[in-house]
Amino acid sequence: MAAKDDSLNHLGERLDLMNQLVSLSNLTVDDHYMLQECHQRLRNVDKLQAELHSLIGVYEEQRREMSALPPKIEQLQSLASYVNVALAKAVEAKKSRAPLPTPKPGQAVPFAEAANTGIAYITKEEFEHVPKYMKGRQTVDVLNRCVDVFNKAVAAKYELLARPKAQLREAQWAKVNAFRSQESNETKGVKFVVEGDIRSKGGLLDTAKAVNSFVVIMRHCGRLREIRGQGFVRFAVM
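Residues numbered from 1 in each chain as written. Predicted model: local features only at pLDDT ≥ 70, side-chain atom pairs only at ≥ 80, totals over all residues. Heavy atoms only, no water.

J.: What is the right way to read a nonpolar patch on the surface from this model?
T.: The grouping of Met66, Leu69 and Ile73 at the surface amounts to a nonpolar patch, some 280 Å² of accessible area in total. With respect to the secondary-structure elements, isoleucine 73 resides in helix H3 (residues 69-96). (Patch = residues over 30% accessible without salt bridge, like charges linked within 9 Å, V, L, I, M, F, W, Y side chains within 5 Å. Areas by Shrake-Rupley, 256 points an atom, 1.4 Å probe, with all protein chains shown as cover. Salt bridge = Lys/Arg side-chain N within 4 Å of Asp/Glu carboxyl O. Helix = DSSP H or I, 4+ residues; strand = E, 2+ residues; numbered from the N terminus.)

Right, here's the structure in full:
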């Protein structure tokens, strides 16, 4: 390409010299016109050469972008596959849990039955697909101990809600009213707790940071979802 540029430059210099000679000679008008036409075509060649260089640059950039697509497509396919598996497991886990029976007037639901409204443990396979920035240094065993704490909070809440009013002490009745105030149209038929319910059980989830980290992973694994509104952040069992 450099040799071609040098040749074109040399030809341009020769044509300039010839043009000067024409102006000093007795060449015909047609000859003079022919030299001017050569000059114009030479300028057109330079313009086309610049456009060619620009197109080559665009082509190289597009080729680099295309070469980066296959790895990204593989990552998206892997993520989609994991999401489908997680959703299927969440649906199966939800089907396997017995629903909390509706108590008759004056009848309490046993604590053991209320406990069935909790979430299922995280499997090792699911845990391996949790992004590292989410799980940090947690292990699957520690995470499932947190699941136990969460399930205790859910079970305790709905066991209390199932008790007849006559069996409740004043403090318990106040707590029931607090639970009722957290309900909305979106929570109908849904079991949920708030951060305070979880932290009240102590253990591994006794701080806001611990609860938040736990909820992020549970949402990722399809165990929980958030229902916001009326000043509450509710963690609903899926």
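J.: Can you help me understand the pattern of salt bridges in this one?
T.: Opposite charge on two side chains permits them to pair, given that their charged atoms come into close proximity. In the structure shown here, the tally under the stated rule is 7 salt bridges. Among the salt bridges present, the one from glutamate 159 reaches arginine 163, with a minimum N-O distance of 2.9 Å. Between glutamate 183 and arginine 180 there is a salt bridge, with its nearest N and O atoms 3.0 Å apart. Residue classification places glutamate 183 among the partly exposed positions, given a relative accessible area of 31%. Residue classification places arginine 180 among the partly exposed residues on the basis of a relative accessible area of 42%. Each of Arg219, Glu226 and Arg228 takes part in salt bridges that share partners, so that together they form one network. (Buried < 20%, exposed > 50% of the residue type's maximum accessible area, 1.4 Å probe, protein only.)

J.: Honestly, the nonpolar core in this entry has me stumped. Any pointers?
T.: In terms of nonpolar packing, the biggest core is built from 36 residues, with Ile119, Phe150, Ile198, Phe214 and Met218 touching the most fellow members. Looking at this core, the elements with two or more residues in it are helix H7 (140-161), helix H8 (170-181), strand E1 (192-193), helix H10 (208-220), strand E2 (224-229) and strand E3 (232-237). Setting aside its immediate chain neighbours within four residues, methionine 218 contacts Ile119, Ile122, Leu143, Val147, Arg223 and Leu224. (Core = buried A, V, L, I, M, F, W, Y, C linked by side-chain atoms within 4.5 Å. Contact = heavy atoms within 4.5 Å.)

J.: Mind showing me how you'd approach the packing of aromatic side chains here?
T.: Geometrically, a pair of aromatic rings is defined through the distance of the ring centres and the angle of the planes. Here the structure, examined in full by the defined rule, presents 1 aromatic pair. The interplanar angle of 40 degrees and the centroid separation of 5.9 Å between the aromatic rings of phenylalanine 150 and phenylalanine 214 together place this pair among those described as tilted. Of this pair, phenylalanine 150 sits in helix H7 while phenylalanine 214 sits in helix H10, and the two are 64 residues apart along the sequence. Judged by relative accessible area, phenylalanine 150 falls into the buried class, the value being 0%. The exposure class of phenylalanine 214 is buried, given its relative accessible area of 1%. Above the plane of the ring of phenylalanine 127 lies lysine 135, whose end atom (NZ or CZ) is 4.5 Å from the centre. Sitting over the face of the ring of tyrosine 158, lysine 191 holds its NZ or CZ atom 5.0 Å from the ring centroid. (Phe/Tyr/Trp six-rings, centres within 6.5 Å; stacked < 30°, edge-to-face > 60°. Lys NZ or Arg CZ within 6 Å of the ring centre and 35° of its normal.)

J.: Explain the pairing of E2 here, please?
T.: The two faces of a sheet get side chains in turn, since along a regular strand they alternate between them. Here E2 pairs with E3 via 6 bridges, running antiparallel. Each bridged residue has a counterpart across the sheet, and for glycine 229 the counterpart in E3 is phenylalanine 232. Once E2 ends, the chain turns through 2 residues before running back antiparallel as E3, passing glutamine 230 with a positive phi of about 60 degrees. (Pairing = 2+ DSSP bridges.)

J.: Before we go on, may I ask you to explain the sheet that holds E2 in this structure?
T.: Hydrogen bonds between backbone atoms are what pair the strands of a sheet, whose relative direction is either parallel or antiparallel. Spatially, 3 strands are ordered E1-E3-E2 in an open sheet, and the strand pairing comes out antiparallel. Where the open sheet ends on each side, the last strands, each with one partner, are E1 and E2. Against the sheet, H10 contacts E2 and E3, and its axis sits at roughly 115 degrees relative to E2. (Axes fitted to C-alpha atoms, helices over the stretch in contact; angles between N-to-C directions.)

J.: Help me understand unusual backbone geometry in this model?
T.: Only a minority of non-glycine residues have a phi that is not negative, and only a minority of peptide bonds are not trans. The phi dihedral of glutamine 230 is positive, around 60 degrees, even though this residue is not glycine. Assignment of secondary structure puts glutamine 230 in the loop between E2 and E3. For glutamine 230, a relative accessible area of 56% translates into the label exposed.

J.: Teacher, can you tell me more about the side chain of lysine 135 here?
T.: Here lysine 135 lies in helix H6 (residues 132-135). Buried within the structure, lysine 135 lacks any salt-bridge partner; its nearest side chain of opposite charge belongs to glutamate 128, at an N-O separation of 7.8 Å. Not counting the four nearest positions on each side in its chain, lysine 135 is found in contact with Phe127, Glu128, Val130 and Ile217. (Lys, Arg positive; Asp, Glu negative; His and termini not counted.)

J.: What should I look at first to understand the packing of H7 against H10 in this one?
T.: Packed helix pairs are characterised by how far apart their axes lie and by the angle those axes make with each other. Look at H7 against H10: their axes get within 11 Å of each other, and the N-to-C directions meet at 100 degrees. On the basis of the axis angle, H7 is roughly perpendicular to H10. Contacts between H7 and H10 involve Leu143, Cys146, Val147 and Phe150 on the former and, on the latter, Phe214, Ile217 and Met218. (Parallel < 35°, antiparallel > 145°, perpendicular 65-115°, else oblique.)

Purely geometric stuff here, so don't read any function into it on its own.
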